Amino acid sequence: MKYGLNYNSSFEYPLLELNEIHNASKQGHNYLPLYWRYFRDIQFSTKKVLEIGIYKGGSLKLWKDFFPNAQIHGFDIDESCKRFEEDRIKVFIGDQGKHKDYQQFDNDYDIIIDDGSHIPEHMLLSLNQLYKSNLKNGGIFVIEDIAEGQYQFLKSSLTSIMDEVNYCTEGVEWPLLNTLKDDKNASWWAKNTLGISFYKYICFIFKGRNPEDGEAGARLNNSDEILLKSKRHGSKLLDAVY
């Protein structure tokens, strides 16, 4: 079964139909509209997906059908999940909470989804290990089921990444931009995260050179025009430049 942007379905979007066909668990918190929003434009270009947490295997088959050109990898602590392997689906067995078990993965995933143990320490470990070493530039890292209570420090960590996205080199002020590659004070996250989107219980983190690969990257090549426009609008900071 293949779906494109011009799909013919009685459902609002094809992921809902695939979720029902494969008895997956993605609609419990109404995640599917968000997945459709971020995945529909990369449906055919996506080559490799990793999902942490397999359960009954429905999600692996959902992603296999939705991404017709992709290899789908799953990761679970339950050895019986090996039974879900088939054409274009590969299963890795390991513990999400152990560093050594992350060494078995490929380093060129387009999408990584954490729907695993839901233990905050494990979720942060996966983010630090897989986002940095296994997700391609231009890739998307998704964390599901970010709930209340014991998840507070996890949410605080994710919020700090949002602050890093807007980091600016000292002396470079709005509306100017500069590359961060030579800024020794810029963190790895500041240099390699384009954005982060929060929704109820789920977030999407976008990897890439910041700001070169993001929507703000175009402004790097138009600094003279930006200076001129800002001067016209009475920027006191930029008046000093001329």
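Residues numbered from 1 in each chain as written. Predicted model: local features only at pLDDT ≥ 70, side-chain atom pairs only at ≥ 80, totals over all residues. Heavy atoms only, no water.

Examining the overall build of the protein
Then, in step 1: The helix and strand inventory of the protein stands at 8 helices and 7 strands.
Then, in step 2: The burial tally for the protein puts 48% of its 242 residues in the buried class.
Then, in step 3: Once local pairs closer than 6 in sequence are excluded, the contacts in the protein between residues at least 24 apart make up 60%. (Helix = DSSP H or I, 4+ residues; strand = E, 2+ residues; numbered from the N terminus. Buried < 20%, exposed > 50% of the residue type's maximum accessible area, 1.4 Å probe, protein only. Contact = heavy atoms within 4.5 Å.)

Some details on the packing of aromatic side chains
Then, in step 1: Under the counting rule described, the total for this entry stands at 20 aromatic pairs.
Then, in step 2: Summarising the aromatic geometry, the rings of Phe 75 and Phe 105 are spaced 4.9 Å apart at their centres and angled 85° between planes, so their arrangement reads as edge-to-face. Here Phe 75, found in strand S2 (residues 71-76), pairs with Phe 105, found in the loop between strand S3 (89-93) and strand S4 (109-114); they are 30 residues apart in sequence, far enough to count as distant.
Then, in step 3: Assessed through its relative accessible area of 2%, Phe 75 is described here as buried.
Then, in step 4: Overall, the relative accessible area of 9% leaves Phe 105 in the buried class.
Then, in step 5: By way of ring pairs, the aromatic residues Tyr 35, Trp 36, Tyr 38, Phe 39, Trp 63, Phe 66, Phe 67, Tyr 199, Phe 204 and Phe 206 are connected into one cluster.
Then, in step 6: The ring of Trp 188 carries the charged tip of Lys 132 above its face, separated from the ring centre by 5.5 Å. (Phe/Tyr/Trp six-rings, centres within 6.5 Å; stacked < 30°, edge-to-face > 60°. Lys NZ or Arg CZ within 6 Å of the ring centre and 35° of its normal.)

Concerning the sheet that holds strand S5 (residues 135-144)
Then, in step 1: Strands sit in the order S3-S2-S1-S4-S5-S7-S6 across an open sheet of 7 strands; the sheet is mixed. Because the sheet does not close on itself, it has two edges, and the strands there are S3 and strand S6 (193-199). Between one strand axis and the next, the sheet turns by 15° as a mean value, whatever way the strands run.
Then, in step 2: Against the sheet, helix H2 (residues 32-39) touches S4, S5, S6 and strand S7 (202-207), its axis set at about 15° to S7.
Then, in step 3: Sitting on the sheet, helix H3 (residues 58-66) touches strand S1 (48-52), S2, S3 and S4, and the angle it makes with S2 is about 165°. (Pairing = 2+ DSSP bridges. Axes fitted to C-alpha atoms, helices over the stretch in contact; angles between N-to-C directions.)

Overview of the side chain of Asn 192
Then, in step 1: Structurally, Asn 192 is set in helix H6 (residues 188-192).
Then, in step 2: Under the relative-accessibility criterion, Asn 192 is labelled buried at 16%.
Then, in step 3: Among the polar contacts made by the side chain of Asn 192, one reaches the main-chain carbonyl oxygen of Trp 188 at a distance of 2.9 Å.
Then, in step 4: When residues no more than four places from it in sequence are discounted, the contact partners of Asn 192 are Tyr 131, Phe 206, Lys 207 and Gly 208. (Polar contact = N/O pair within 3.5 Å; in protein donor to acceptor, adjacent residues only side chain to side chain.)

Brief notes about helix H5 (residues 152-165)
Then, in step 1: Between the first and last C-alpha of H5 there are 20 Å, a value that for 14 residues agrees with the 20 Å anticipated at 1.5 Å per step.
Then, in step 2: Considered for burial, the residues of H5 that qualify are Leu 154, Lys 155, Leu 158, Ile 161 and Val 165. Across the axial projection of H5, the buried residues extend over an arc of 110°, all falling on one side. (Expected span 1.5 Å × (residues − 1). Arc of directions from axis to C-beta.)

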